[in-house]
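Chain and residue survey
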Amino acid sequence: MKKVLISDNLSEEGVEIFKKTPGIEVDVRTKMTADELKAVIKDYDALVIRSATKVTQEIIDLAGRLKVVGRAGIGLDNVDIPAASRRGIVVMNTPGGNAVTTGEHAISMMLSLVRFIPQATASMKAGKWEKSKFTGHELMNKTLGVIGLGRVGSIVADRALGLKMKVIAYDPFISPETAEKSGFTLASVDEIFQTADFITVHTPLTKETRGLINAAAFAKMKKGVYVINCARGGIIDEKDLYDALVSGKVAGAALDVFMEEPTKNMDLIGLDNVICTPHLGASTDEAQINVAVAVAEQVSAYLTTGEIKGAVNFPSVSAEILSVIRPYLTLAEKLGKFEAQLVSGGIEELTVEYSGEILNYNVAPITISLLKGLLTPILNEGVNYINAPFVAKERGIRVIETKSSEVKDYTSMISVTVKTAKETILAAGAIFGRQEPRIVRINKFTVEVIPEGRMLVLYNTDKPGVVGNIGTILGQNAVNIARFHLSREQVDGQAMVVLGTDSVVSPDVIDKLRKLPHVISVTELEM
Ligand code: NAD
Ligand code: MLT
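Re the overall build of the protein chain
- Each helix and strand in the protein chain was counted, giving 18 helices and 22 strands.
- For a compact globule of 527 residues, the expected C-alpha radius of gyration is about 24 Å, and the protein chain comes in at 25 Å, within 12% of that figure.
- On the principal axes, the C-alpha backbone points of the protein chain span a range of 80 × 65 × 45 Å.
- If you take every contact in the protein chain between residues at least 6 apart in sequence, the share linking residues at least 24 apart comes to 65%.
- Computed over 58 positive and 62 negative side-chain charges, the separation of the two mean positions in the protein chain equals 2 Å.

Next up, the structure:
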C-alpha cells in the first residue's frame, strides 16, 4: 500500500481521486507545524502540498520512503528541489490550471482599484456616505501595459481588450509574430513605462524580473499611473512603490503578492491608495479543483505505474534508460540554461546536433531536457519536463534535431545552436568521466567549462593585462573566483573568459568590468 499525505488544503475532488485509486491510502493533515511534519513524514510515499508546507532539506532527510512531492499549483519556492533531486524524489507541479482565475483576479483588482471599491465598502460599513471622495476613472481607451505575456498575462490582455482598453505587452521571449497571432501588440518595457495608464506584471520572479519595477522604472512612468501585481512579490520593489505612492507619482497599487508572505509591510498596505488580497490570485473553486485533480492524477499515476507527468526535476522515461542517459539529460539542460542566459532577443530556432555513442539511445528526452533548460531562465517553474516542447511550440521556437556520424573528440557530444532575431550562438558539451558535464565549445572558442553555480562570461580582445584587471576588480569587491577558463581565437584576436564566482557579482561591479580596456561584453549567468 502506498501512503499519501496531503498537508495543505486540497479540493475534495483531488482527495477523492486518491481514495478511489487501488493501492493508495491517503491521510489529510493540514496546518501541521514543521515538527509535526518531521515526526510523520517517514511513513509516506507521497506528499501533496500547496504553498503552506515547507519541504526543506531537513524534511527530505527524514522522509526515508518519500518518492514524490506534488504541488497543487505552480509555485515551488517552498520546496528544496535540489535536495529532493539528490534523493531521487520527483517534484511535480500543475502550471496552467489556475491561469484563468488569476487573470480574472488581476482584472478585478484593476477595476476595484480605479473605482475605489474596497475603500468605498469600508467607508459605508463605517456608516459614511462619501460620494464625491471616491470618483474614479473609466478604463475604456486607457492603455494597459502587460509585462509577461504567458498563460496569465495573455488572459489579462485578452480580457482588457474586451473592456476596450488599448493593450500593449512586453515579453522579450515572445516573437512579434506569435503575439500578433493572438491579437496583441508588443512594445518595449520603456514604452510601457512611458505610455501606460495601468501596468500589470505577469512574469515569474527571476534574477531579471526581481525589482523590474523600481524607482528608475517609476521615474519613467506617467504621473497617476496604476500598478497591479498578481504574479510574484518582489517584481515590484515594495520600498520604491511606497515612495512612488506617497509622492503621488503612482495613483494606486493593487497587490496580491508580497516580498514576504504573509506580509509585514503594514506601511505599504496601510496606504489609502493601496488595495490588497492575501495571495488570492488562484483562489476560486474552479482553479482549486483543476489543480487538485491534476496533482492527484499525476501523483497517483507515479505511485501506481511509475509514469512521470508534470515533473520539474525528472523527464518521462523508464528507470532503466534513465540511468544511462541521465548525465546527458543534465548536460543538455545545462547547455540550454547557459545559452538562454547568454543570448539576447526572443529565441526563434534551436538546432541540436547529437554525435557519438548517445545515438544508440532515443535522444528525444534529451532534447526535452534541453528545452526545459532553455526555457527555465525565462519561465522558472512554469516549465517542466512535460510541457517544455508545448511551451516552446507556443512561443514559436522551431526545434531542429540532427544526428551526426562525424567522429568528434568526445565519446558523445551535444552541440546546440540558438538563433534569435539578433544573433546566433553555439555551445557544445560532453560528459567527462562517468557523469561530469562540461561545455567544450562556445561559438568559435574551445573551452572546458564546468557549468555550475554563478558564472561570468566575458568577451575581450586578447591584450596583456585584461585578465589581471578582471581579477583586480573582482578581488577589490570581495568576489572570490572559484574557476577560471580562458580561450582565444589567435594572438591579439577575440578572446573569451568564463569564470565561476562564489557570490553574486553586483551590477556596479559588472559595470566596472564592462568599462575595462579591451573588454567587449560581460554577462552574468546562474546555472
Ligand atoms: P508563464 O510561464 O506562462 O508566463 C510568464 C511569462 O513571463 C512568459 O511569457 C515569459 O516569457 C515572460 N517573462 C519572463 N521573463 C520576463 C521578463 N524579464 N520580462 C518580461 N516578460 C518575461 O507563467 P504564468 O502561468 O502566466 O504565471 C505568471 C506569474 O503569475 C508567475 O509568477 C506565477 O507564479 C504567478 N501566478 C500567481 C498566482 C497567484 O495566486 N497570484 C497564480 C498563478 C500564477
Ligand atoms: C501558484 O503558485 O500556483 C499560485 O501562486 C497560487 C498558489 O499559491 O496556490
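Structure shown, so let's carry the discussion forward.
What to know about a negative patch on the surface
- Judged by side-chain charge, Glu13, Glu104, Asp285 and Glu286 come together as a negatively charged surface patch.
- By relative accessible area, which is 38% here, Glu13 ends up partly exposed.

Observations concerning unusual backbone geometry
- A cis amide bond links Glu261 to the next residue, Pro262, at an omega of -5°.
- Inspection of the secondary structure puts Pro262 in the loop between β11 (250-255) and α12 (266-269).
- The backbone phi angle of Lys31 is positive, close to 60°, even though this residue is not glycine.
- Residue placement: Lys31 occurs in the loop between β2 (24-28) and α2 (34-40).

Concerning the sheet that holds strand β15 (residues 412-420)
- Taken in spatial order, the six strands make up an open sheet running β14-β13-β15-β16-β17-β18, and their pairing is mixed. Unpaired on one side and paired on the other, β14 (398-404) and β18 (445-449) mark the two borders of the sheet. Here the average twist between neighbouring strands, direction ignored, is 20°.
- The sheet contact formed by strand β17 (residues 436-442) and β18 spans three bridges and is antiparallel. Looking at β18, one finds that Ile442 is bridged to Phe445.
- Helix-sheet contacts for helix α15 (residues 364-379) involve β13 (347-356), β14 and β15, and the interaxial angle to β13 is about 140°.

Some words on helix α1 (residues 12-20)
- Taken together, the buried positions of α1 are Gly14, Val15 and Phe18. Along α1, the residues classed as buried sweep out an arc of 100° about the axis, all on the same side. What points out from α1, more than 90 degrees from its buried face, is the exposed set Lys19 and Lys20.
- Elements that come into contact with the buried residues of α1 comprise β1 (2-6), β2, β3 (46-49) and α13 (285-305).

Some points on the domain arrangement of the protein chain
- When its domains are assigned, the protein chain resolves into domain 1 (1-97 + 284-313), domain 2 (99-276), domain 3 (315-450) and domain 4 (452-527).
- Domain 2 and domain 3 are separated by 36 Å when their C-alpha centres are compared.
- If you look at the interface, domain 2 gives eleven residues, while domain 3 gives twelve residues.
- Of the roughly 940 Å² buried between domain 2 and domain 3 on both sides combined, carbon and sulfur atoms contribute 47%.
- On the surface where domain 2 and domain 3 come into contact, there are zero salt bridges.
- Our count for the contact surface shared by domain 2 and domain 3 stands at four residue pairs in polar contact (both at pLDDT 80 or more).
- Each residue belonging to the side of domain 2 that touches domain 3 can be placed in one class, and the counts come to five nonpolar, three polar and three charged.

Things to note about the packing of α1 against α13
- Across the interface, α1 lies against α13 with an axial gap of 7 Å and an inter-helix angle of 20°. In terms of orientation, α1 and α13 fall into the roughly parallel class. Our pair here, α1 against α13, has a crossing hand that is right-handed. Counted together, Glu13, Gly14, Ile17 and Phe18 of α1 and Ile289, Ala292, Val293, Val295, Ala296, Glu297, Val299 and Ser300 of α13 form the full contact between these two elements.
- Partitioned by chemical class, the residues of the contact of α1 with α13 number eight nonpolar, two polar and two charged.

A closer look at the packing of aromatic side chains
- Counting across every chain of the model gives four aromatic pairs.
- Summarising the aromatic geometry, the rings of Tyr410 and Phe432 are spaced 5.8 Å apart at their centres and angled 25° between planes, so their arrangement reads as stacked. Here the residue Tyr410 occupies a position in the loop between β14 and β15, and Phe432 occupies one in strand β16 (residues 424-432), the gap between them amounting to 22 residues.
- Residues Phe445 and Tyr459 carry aromatic rings whose centres are separated by 6.0 Å and whose planes lie at 45° to one another, so their mutual orientation is tilted.

A word on the site of ligand 1
- With respect to spatial proximity, 27 residues lie near ligand 1, and among them Val152, Asp171, Thr203, Ile378 and Arg395 are the closest.
- Contact between ligand 1 and Gly150: an oxygen atom at 3.3 Å from a main-chain N or O atom of the residue.
- Between Thr203 and ligand 1, the recorded distance is 2.8 Å, taken from a backbone N or O atom to an oxygen atom.
- Taken by itself ligand 1 offers 860 Å² of open surface, and the protein chains cover 96% of this.
- Broken down by secondary-structure element, the contributors of at least two residues to the shell around ligand 1 are α7 (151-162) and α15.
- Of the residues assigned to the shell around ligand 1, the class counts are 13 nonpolar, nine polar and five charged.
- Counting the residues that make up the shell around ligand 1, at least three belong to each of domain 2 (99-276) and domain 3 (315-450).

Examining the pattern of salt bridges
- Per the stated rule, a full pass over the model turns up 22 salt bridges.
- A salt bridge links Asp158 to Arg159, with the shortest nitrogen-to-oxygen separation between them at 2.8 Å.
- Residue classification places Asp158 among the partly exposed residues on the basis of a relative accessible area of 37%.
- Its salt-bridge partner being Asp190, residue Lys220 comes within 3.0 Å of it at the nearest N-O pair. One end of the pair, Lys220, is in helix α10 (residues 215-220); the other, Asp190, is in helix α9 (residues 189-195), with 30 residues separating them in the sequence.
- Looking at Lys220, the relative accessible area reads 37%, which means it is partly exposed.
- Connected via shared salt-bridge partners are Glu12, Glu16 and Lys19.

The rules behind the values
Residues numbered from 1 in each chain as written. Chains lettered and ligands numbered in written order. Predicted model: local features only at pLDDT ≥ 70, side-chain atom pairs only at ≥ 80, totals over all residues. Heavy atoms only, no water. Helix = DSSP H or I, 4+ residues; strand = E, 2+ residues; numbered from the N terminus. Rg over C-alpha atoms; globule rule 2.2 N^0.38 Å. Contact = heavy atoms within 4.5 Å. Lys, Arg positive; Asp, Glu negative; His and termini not counted. Charge placed at Lys NZ, Arg CZ, Asp CG, Glu CD. Patch = residues over 30% accessible without salt bridge, like charges linked within 9 Å, V, L, I, M, F, W, Y side chains within 5 Å. Areas by Shrake-Rupley, 256 points an atom, 1.4 Å probe, with all protein chains shown as cover. Salt bridge = Lys/Arg side-chain N within 4 Å of Asp/Glu carboxyl O. Buried < 20%, exposed > 50% of the residue type's maximum accessible area, 1.4 Å probe, protein only. Pairing = 2+ DSSP bridges. Axes fitted to C-alpha atoms, helices over the stretch in contact; angles between N-to-C directions. Arc of directions from axis to C-beta. Domains from an automatic or database assignment. Buried area = accessible area lost by both parts, 1.4 Å probe. Polar contact = N/O pair within 3.5 Å; in protein donor to acceptor, adjacent residues only side chain to side chain. Nonpolar A, V, L, I, M, F, W, Y, C, P; charged D, E, K, R; others polar. Parallel < 35°, antiparallel > 145°, perpendicular 65-115°, else oblique. Left-handed = near helix turned anticlockwise from the far one by under 90°. Phe/Tyr/Trp six-rings, centres within 6.5 Å; stacked < 30°, edge-to-face > 60°. Near = heavy atom within 4 Å.

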